[in-house]
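Reading the structure
Spelled out from the first residue to the last, the chains are:
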Amino acid sequence: MGPMGTERNHATTSSRCSLASLSPRRSTAALPAALLGAALALAAGRAAAQPDASASLEQCLSCHGEQDAVREEPGERKASVYVDPHGLTESEHRDMACGDCHARSFAVDPHPAARRADCLDCHVVNETRAGGVAFQDIAEDFADSVHADKSPEFRCVHCHDAHTLQLPTTRARIFEHNKVCLHCHADEAQFQKLVDKAPPDLDEAHDWLPNRDLHWQTVRCLDCHTGYDAPLASHLILPKDKAIKNCEACHAETPTQLLRRYRDPGDGEVGKLGFLNARLIDDAYVIGATRNELLDALMIIIIGGAGGGVAGHGMLRFLFYKAFRRRVVHAGGHPS
Amino acid sequence: MKKRVMFPRWLRLWHWLNAVLFSVLIVTGFSLHFAGSGSVGVGFRVSFLVHNVLGIGLVAAFVGYLAAMLITGHWRQYLPRRTILGDALKQVRFYIFGILRGEHHPFVAVPERRFNPVQQLAYVFAVFVLIPAQIVTGLLLLFPDLAPAQVLGLGGVWPMALAHSLVAYASCAFLFVHLYLALTVGEPHTGVASMLLGDRIPPPPPPATTPKAARAERA
């Protein structure tokens, strides 16, 4: 379970959800004709939900806030319909109510079949604003990715949980991001919802990578499996034969693959305590990438000192040897 | 009387094994540390494999050396005499001035005491400080999961990595000086040839009380 699963004080936080605070931005989302269906549902939801948005959140969570809320599936299977209330209030969607994304019809119990929500219903592809997320790039990359290619049903929500979605920042979150991929690639049942075969063996596919589990704590699956071009959080997951296998993509003075993940990578900069690529050293010492500049200066002193000392000494001896040769020979000693 | 061997076979073996291990470890170590700059020419992956294998080789060689040292009593070579400081000064003086004037080595190597005082100090440091430190930090880098996740708020293995590099630089310096002295200042019986062949030397002369007397006798 996620780290947030333990705290469940949603009743107090839910009052933060006010639709009025959302409306200016959300109005841009309802226009494109292609998404008319979703937009209509959304608009309807908004119109009707306006007066009792927070009430609806509490109402929905009275069932969905219980960890054992499940949907019966064919066979013995049960799928969880639990929604972590704390997760939602921490997420990018913290100011929204359930009804903003899920049609009003969910207020009825049992729910009638309803169209499922998707990220692109609202984050229409031209929504890009300064400093914001480039949804257009993401949508295009995703459309070209190996997932969209191999399974037409694949959608954003197969990887993203709108209820807990946070923008990536720290090491802890990197680990969360890898869980996104592992949630399918290490779980046959999830995987087979999309294609009718067993997921490929990850151990076998990555046996060339030493300290694999350590890598996976600091390196995202995305760092090796997506194209170079996109500036951030590339969604262009490439076929496996195009994945990064080259150690120097990360273990080098310019660790291209690792710096991509930061909004402000500070390329090759020397920072904290003289470490190169100081951005990375917070998470890990990466051989080759986070060398210490002070130490390297010391290297020149130590090795250069020894080499220079020896050379100087040799030179002196050579000069003296010439001058004293006669005396040495005369003494019958060993000339060295 | 029987001639005695300056360097027993096991010691020569260890010495040349070390020579190879040190050289390749230094080259691959640099290749890892400065990965991607194309400075060494072997990629990270190859350097990584070679460095690991030879690193483990160095541990094995060192353990073997410790064992042989205990069995043969060779460890006594590292026991400093009470006069070590004064003697070392004498030796240093020789390296700085005496050698330029073509003086004889102040201390003559015999199988019981192969090291001159400066060598002895240097080797005590190299064998009991540098190599063990390199082995410990190297093993922690090989098994980074054993290292703490964070040290002072930075990613865990950095103290090991820094210490490992620092000792490597010191080893590099050691190697330079060692090569220089061995190749150009070697005393009779301790040069490259004797390290290769063992060098048989005559039995010891009747005990001389001072190095000076010993020198006089040999002359």
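Use the structure listed above.
Residues numbered from 1 in each chain as written. Chains lettered and ligands numbered in written order. Predicted model: local features only at pLDDT ≥ 70, side-chain atom pairs only at ≥ 80, totals over all residues. Heavy atoms only, no water.

**What about the side chain of His74 of chain B?**
All names here are of chain B. To keep it simple, the criterion reads: Helical segments are the DSSP runs of H or I of at least four residues, strand segments are the runs of E of at least two, and each set is numbered from the N terminus. N or O atoms within 3.5 Å of each other form a polar contact, as long as, within protein, one can give a hydrogen and the other can take it, and as long as residues adjacent in sequence are counted only when both atoms are side-chain atoms. By definition in these notes, contact holds between two residues if any of their heavy atoms fall within 4.5 Å.
Following the sequence through the fold, His74 ends up in the loop between helix 2 (44–72) and helix 3 (84–96). Side chain to side chain, His74 and Arg114 meet in a polar contact 2.8 Å long. Residues contacting His74, with those up to four places away along its chain left out, are Trp10, Leu11, Tyr65, Met69 and Arg114.

**Some words on the state of the cysteines**
Residue and element names in this part refer to chain A. Test applied: Note on disulfides: each one is a pair of cysteine sulfur atoms within 2.5 Å. Note on classification: 1.4 Å probe, protein chains only; a residue is buried when its accessible area is under 20% of the maximum for its type, exposed when over 50%, partly exposed between these limits.
One pass over the full model with this rule turns up zero disulfides over all chains. You can see Cys101 has no disulfide; the closest cysteine sulfur is in Cys122, sitting 5.5 Å from it. Assessed through its relative accessible area of 36%, Cys101 is described here as partly exposed. With no disulfide of its own, Cys250 lies closest to Cys224 among cysteine sulfurs, the gap being 5.8 Å.

**Brief notes about the pattern of salt bridges**
The following threshold applies: Salt bridges are identified by distance alone: a Lys or Arg side-chain nitrogen within 4 Å of an Asp or Glu carboxyl oxygen.
All chains considered together, the criterion is met by six salt bridges over all chains. Notably, a salt bridge pairs Arg81 of chain B with Asp87 of chain B, separated by 3.8 Å at the nearest N-O pair. Here Arg81 of chain B falls in the partly exposed class, since its relative accessible area comes to 37%. Residues participating in the shared-partner salt-bridge network are Asp203, Arg212 and Asp213 of chain A.

**Topic: the environment of Leu79 of chain B**
Residue and element names in this part refer to chain B. Its place among the elements puts Leu79 in the loop between helix 2 and helix 3. Looking at Leu79, the relative accessible area reads 46%, which means it is partly exposed. Placed 42 residues apart in sequence, Leu79 and Leu121 show a C-alpha to C-alpha distance of 9.6 Å.

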